[in-house]
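# Notes for the structure review
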Amino acid sequence: MQHSHLSSTGGHSLWVRVCHWLATIAFLLLAFTGIEILMVHPRLYWGETGNDLTPALFELPVSRNYKHQGWTASQAFFKEAGSPVSAGRTYDIFNQNGWGRSLHFLAAWFLVAAGLAYLLLGVFSGHFRRHIVPARKELSRRDLWADIVGHAKLLIPSATGGPQYGLLQKITYAGVVFFALPLMVVTGFSMSPTITATFPFLLDLWGGFQSARTIHFFATIALLLFLFIHLFMVIRSGFRSQFIAMTTGNKYGKEKDHHAP
Amino acid sequence: MEKKRIITRREAIISGLAAMGGLMLPGCSRVGQLPPTYGNILRMGDALTYAAHRSLLPGQSLVREYSHRDITSFPATGTLNPGDPSRHNHSELYAKLHHGDFRNWRLSVEGAVARPGLYSLEDLMRFPSKKQITRHTCEEGWTAIAEWQGVTVRHVLESAGILPSGRYVNFFSFDGWADGIDMVDALHPQTILAYAMNGKQLPVPHGAPVRLRLETQIGYKSMKYLQRMVVTEKFDDHGDAGSIKQGWSWYNGI
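Rules used in this analysis
Residues numbered from 1 in each chain as written. Chains lettered and ligands numbered in written order. Predicted model: local features only at pLDDT ≥ 70, side-chain atom pairs only at ≥ 80, totals over all residues. Helix = DSSP H or I, 4+ residues; strand = E, 2+ residues; numbered from the N terminus. Rg over C-alpha atoms; globule rule 2.2 N^0.38 Å. Buried ≥ 20, exposed ≤ 12 C-beta atoms within 10 Å, placed from the backbone. Contact = placed C-beta atoms within 7 Å. Core = buried A, V, L, I, M, F, W, Y, C linked by C-beta atoms within 7 Å. Nonpolar A, V, L, I, M, F, W, Y, C, P; charged D, E, K, R; others polar. Pairing = 2+ DSSP bridges. pLDDT = per-residue confidence, 0-100. Arc of directions from axis to C-beta. Axes fitted to C-alpha atoms, helices over the stretch in contact; angles between N-to-C directions.

To continue, consider the overall build of chain A. Tallying secondary structure elements over chain A gives 10 helices and four strands in all. Helices and strands appear in chain A in the N-to-C order α-α-β-β-β-β-α-α-α-α-α-α-α-α. Computed over its C-alpha atoms, the radius of gyration of chain A comes to 23 Å, more than 25% above the 18 Å expected for a compact globule of 261 residues. Across the 261 residues of chain A, 31% fall into the buried class. Within chain A, counting contacts between residues at least 6 apart in sequence, those at least 24 apart form 65% of the total.

What follows covers the overall build of chain B. A tally of regular secondary structure across chain B gives six helices and 11 strands. Expressed as a percentage of the 254 residues in chain B, the buried residues total 46%. Contacts in chain B between residues at least 24 apart in sequence constitute 66% of all its contacts with a sequence separation of at least 6.

So, about the nonpolar core. Core analysis: the largest hydrophobic core is formed by 49 residues, its most contacted members being Leu124, Leu193, Ala194, Val210 and Leu226 of chain B. Setting aside its immediate chain neighbours within four residues, Leu124 of chain B contacts Leu107, Tyr119, Val151, Leu193, Tyr195 and Val210 of chain B. One finds Phe27, Leu30 and Tyr118 of chain A together with Ile254 of chain B within the second-largest nonpolar core, a separate group that totals 16 residues.

The subject of this paragraph is the interface of chain B and chain A. Across the contact, 45 residues belong to chain B and 40 residues belong to chain A. Elements that contribute at least two residues to the side of chain B that touches chain A include exactly α1 (9–28), α2 (41–56), β1 (74–76), β4 (130–137) and β5 (143–152) of chain B. Among the residues forming the side of chain B that touches chain A, the class breakdown is 21 nonpolar, 17 polar and seven charged. Two strands pair when backbone bridges link them, and strand β4 (residues 85–88) of chain A and β1 of chain B are joined in this way by three bridges, in the parallel orientation.

For the rest of this paragraph, the subject is the confidence of the model for chain B. Residues and elements named next belong to chain B. Across chain B, pLDDT averages 91, with 87% of residues at or above 70. Overall, residues 25–29 carries pLDDT values under 50, and its contacts beyond four positions in sequence, including any with other chains, amount to three contacts. Scored by ipTM, the complex comes to 0.90, with pTM at 0.90.

Turning to the pairing of strand β6 (residues 168–173) of chain B, a few remarks are in order. Residue and element names in this part refer to chain B. Among the six residues in β6, five count as buried, and that is most of the element. Pairing analysis gives five bridges linking β6 to strand β7 (residues 178–182), with the strands arranged antiparallel. Each residue of the ladder has a partner; that of Phe172, found in β7, is Ala178. Here six bridges tie β6 to strand β11 (residues 226–232), and the two strands are oriented antiparallel to one another. Paired with Tyr168 across the strands is Thr232, a residue of β11.

All names here are of chain B. Sheet analysis places strand β2 (residues 106–111) next to strand β3 (residues 117–120), joined by four bridges and oriented antiparallel. Paired with Val109 across the two strands is Gly117, which belongs to β3. Between β2 and β3, which pair antiparallel one after the other, the connecting turn spans five residues.

With that out of the way, let us pick up the environment of Phe77 of chain A. Locating Phe77 of chain A in the fold gives a position in the loop between β3 (75–76) and β4. With residues near it in sequence (within four places) discarded, Phe77 of chain A still touches Ser83, Pro84, Val85 and Ser86 of chain A together with Ile71 and Asn198 of chain B.

Here we take up helix α3 (residues 92–99) of chain B. Residue and element names in this part refer to chain B. Residues of α3 that are buried: Tyr94, Leu97 and His98. One side of α3 carries all its buried residues, which in axial view fall inside an arc of 100 degrees. Structural note: α3 exposes Glu92, Lys96 and His99 on the side pointing more than 90 degrees away from its buried face. Note on α3: the residue one or two positions beyond its end, Asp101, has a positive phi of about 55 degrees.

What follows deals with the confidence of the model for chain A. Residues and elements named next belong to chain A. Here chain A averages 91 in pLDDT, while 93% of its residues score no lower than 70. Counting contacts from residues 1–8, a segment whose pLDDT is below 50, to residues more than four positions away or on other chains yields three contacts. Predicted confidence is poor over residues 253–261, with pLDDT under 50, and the contacts of this stretch with residues over four places away or in other chains come to three contacts.

Moving on, we get to the sheet that holds β2 of chain B. All names here are of chain B. A sheet is described by the order of its strands in space; here five strands give the open sequence β3-β2-β11-β6-β7, paired in mixed fashion. Edge strands, defined here as strands with exactly one partner in the open sheet, are β3 and β7. On average, adjacent strands in this sheet sit at an angle of 20 degrees to one another, irrespective of strand direction.

Here it is as structure tokens:
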């Protein structure tokens, strides 16, 4: 009883801190290189295929490759009306994918390694059960509503330097850890020709390569949104103490208790 | 007091990871030689991906094949005609061969093969032909589906009598590129020397008269305008003609 009480109110454990910062560095590199890769072909599609000669779901104005131009006259492959065509690209596009892709996949290795370690340790240490997954009794409509109203009014409690977490906080962390990040990894795998050769169901899961790419894009937006809100909350609740707690494991409140005159 | 023998969670996790590592070791023998990294951390990441794909995935899985109605429009990018005189470093030889409708074109098969030789377009067409409707995946992010017809690289290598010492198959193109693939990809049943696209002779912008189709990797590994195919025992980065020294990954199954 005593033990579980201490660990549930203590600071972040070492493995949480290591995984947190490894994943942070990996995520920032992945987002940076991901945007670079998107700039090379800033068009998104749905289904298996999509290219400059087919209609896009939407196109982003993020590089000079936007509003593609400079193509030779298109030639039909078949005699039928509406036949698919071919055309040659005659202009030099912006393309930094050599380092962009390699750095993306290198960072992905770190995210996958930190993520797997975190998931295993989170299950076996009881971290998920105690700190991340909301208990059933917590999930009352009234408490949820109260937490939403509290956040809307920016009533943010000051830093505790670790768990316990609030209800919305738990739901958000669980969504990132169990849904958004795994979705990034699996949609990423779904764009690999070698991996989808072995596991073709990955393509069926999303409805094709380009659907996986588009979901990969929206999951990035969701994670960037999480990053901004997370940073905002960390700053509002006390950036210095939160940063120290996630880096050294020192629990700010506890330290103050011990050394108070 | 006698120590109790209990298995703690930590011990269970550690021994479990050790056992997983042990299971993966035999697979590593399939990796063979890793591509050079030049001390560059990005190339180390590429090598790790290559080693992981080769040790964890069965190398001969077939990529998805589509039906005729799935064929899409298909951009031609990069070199559109190596013989175009307005092109820097254009190939006069290619222009001449193109003018003669590639009747005088020959694919030179060399290196670690018992019978090096020259293959005309007719020679390649006499071999058993393989048709496949597959998805081209460009590193830029776009995809397109087309029907390709050709002869498997495996069949050409076997008819030339590939030697057991051969580890890499290197391709040289009329537009000055050189690139290699390992034997797992070279012997893959869908790796073909394609001479037809969507039921017609391969168009010049798509690599006439013959291009490689390497379906298990990203588009730029499927070299257009083939001139030579050389089997080597050692890895060759091909210097400036290869892409690895210009910062591009040699292996691109991802």
